[in-house]
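Next come the chains, spelled out residue by residue.
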Amino acid sequence: MQQQDAPKRTVFLVYILVAAFGLCLGSATLFFASQPINVAAYWLGYGTPEQVVVTKGSSGFSAGRSDPGEGRAISDNSTILLYGVQTGETVTARPRLIAIGKNSYAFHSPLSAAADLLYLIPTALFGFPFTLLVLSIVAPQCLGRIRECLKTRTGNTKDSPSI
């Protein structure tokens, strides 16, 4: 009786591991995808513009390891964190659509927003295997068609193990 239960436990363990792996890939994809979404929202005009006087400058952009600069909003004297600004500047800043993390930052120029497009790389690196994993569970016949298409394009007509 126990020998029959061992394959069932192994299959169940594989399902649990694949589900955990899929959860990790999916959450990483959503986290990294939020930054390009913020860039698109800024470029499309999302958010109320505020005049900000920079009190502490920042030498780099959010994609690097530099610390953000600080500024004070003229309208309500609140603190706003910015990247790529010089002390003493007055800039027009708009908040990000999706604020992730302890501190919320604002964009003040299309260039400062464009630096976050760098997050498209990890979005693709985590999103591609996540998409394949979801397709293999939800629509395995779709992956079979993709595999057949790739075999005809590469000229590989030998049978390969099925997915």
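Check the entry above for the structure.
Worth saying up front: this structure is predicted, and the values here are computed from it rather than measured. (Residues numbered from 1 in each chain as written. Predicted model: local features only at pLDDT ≥ 70, side-chain atom pairs only at ≥ 80, totals over all residues. Heavy atoms only, no water.)

**Things to note about the overall build of the protein chain**
For clarity, the threshold we go by: Secondary structure elements follow DSSP: runs of H or I no shorter than four residues count as helices, runs of E no shorter than two count as strands, and numbering proceeds from the N terminus. The classification of residues rests on relative accessible area computed with a 1.4 Å probe and restricted to protein chains. Under 20% of the type maximum is buried, over 50% is exposed, and intermediate values are partly exposed. The criterion used for residue contact is that any of the two residues' heavy atoms lie within 4.5 Å. All accessibility values rest on the Shrake-Rupley procedure with a 1.4 Å probe; residue burial counts only the protein chains present in the view.
Counting its regular elements, the protein chain contains four helices and five strands. Its helices and strands taken in sequence order, the protein chain reads α-β-β-β-β-β-α-α-α from the N to the C terminus. Per-residue burial for the protein chain yields a buried fraction of 30% across its 163 residues. A sequence separation of at least 24 residues applies to 59% of the contacts in the protein chain between residues at least 6 apart. Within the structure as shown, the protein chain displays about 11000 Å² of accessible surface, and the carbon and sulfur contribution to it stands at 64%.

**Let's talk about the nonpolar core**
The following threshold applies: The nonpolar core is taken to be a set of buried Ala, Val, Leu, Ile, Met, Phe, Trp, Tyr and Cys residues, with the residues joined through side-chain atoms within 4.5 Å.
Counting residues in each nonpolar core, the largest one holds nine residues, listed as V52, V54, A73, I80, L82, V85, V91, A93 and A106. Put simply, the parts of the chain that give this core at least two residues each are strand 1 (50-56), strand 3 (79-82) and strand 4 (90-95).

**Topic: the pattern of salt bridges**
What counts is decided by this rule: The salt bridge definition used is simple: a Lys or Arg side-chain nitrogen within 4 Å of an Asp or Glu carboxyl oxygen.
Applying the stated criterion across every chain yields a total of two salt bridges. One salt bridge in this structure joins E148 and K151, with 3.6 Å as the shortest N-O distance. Of the two residues, E148 and K151 are both situated in helix 4 (residues 140-154); the distance of three residues between them amounts to about one turn of the helix. What makes E148 partly exposed here is its relative accessible area of 38%. Relative accessible area serves as the criterion here: at 11%, K151 is assigned to the buried category.

**Looking at helix 3 (residues 120-138)**
The line we're drawing: Multiply 1.5 Å by the residue count of a helix minus one, and that product is the helix's expected span. Across the chain, bend at a residue is computed as the angle between axes fitted to the seven residues ending at that point and the seven starting from it.
For helix 3, built from 19 residues, the straight-helix expectation of 27 Å at 1.5 Å per residue is met to within 8% by its first-to-last C-alpha distance of 25 Å. Largest kink in helix 3: about 25°, centred on G127, with the proline P129 one to four residues after it.

**Section: the packing of aromatic side chains**
Rules: Put simply, two rings from Phe, Tyr or Trp (the six-membered ring, in Trp's case) pair if the centres are within 6.5 Å, and we call them stacked under 30 degrees between planes, edge-to-face over 60, tilted for the rest.
Considering all chains together, one arrives at five aromatic pairs under this definition. Centre to centre, the rings of F32 and F126 are 5.8 Å apart; their planes meet at 0°, and the pair counts as stacked. Pair noted here: F32 is in helix 1 (residues 2-43) and F126 is in helix 3, with a separation of 94 residues, a long-range link. A relative accessible area of 31% means that F126 is categorised as partly exposed. Note on Y42 and F107: the rings are 5.5 Å apart at their centroids and 65° apart in plane angle, and the pair reads as edge-to-face. Of the two residues, Y42 sits in helix 1 while F107 sits in strand 5 (residues 106-107), which places them 65 residues apart along the sequence. According to the relative accessible area criterion, Y42 is buried, its value standing at 9%. Within the aromatic cluster, the residues linked to one another by ring pairs are F31, F32, Y119 and F126.

**Let's talk about unusual backbone geometry**
With phi around 60°, N77 is a residue other than glycine that occupies positive phi space. Residue placement: N77 occurs in the loop between strand 2 (69-73) and strand 3. Residue classification places N77 among the exposed residues on the basis of a relative accessible area of 52%.

**Observations regarding the environment of P95**
Position of P95 among the secondary structure elements: in strand 4. Take P95: its relative accessible area is 36%, and that puts it in the partly exposed class. In contact with P95, other than residues within four places in its own chain, are Y46, G47, T48, Y105 and A106.

**Let's talk about a nonpolar patch on the surface**
Short version of the rule: The residues that make up patches have over 30% relative accessible area and no salt bridge, and they are joined within 9 Å when like-charged or within 5 Å when they are Val, Leu, Ile, Met, Phe, Trp or Tyr.
Taken together, the side chains of F31, I37, Y46, L97, I98 and I100 present a nonpolar region at the surface, about 480 Å² in accessible area. With respect to the helices, strands and loops of the structure, I37 is situated in helix 1.

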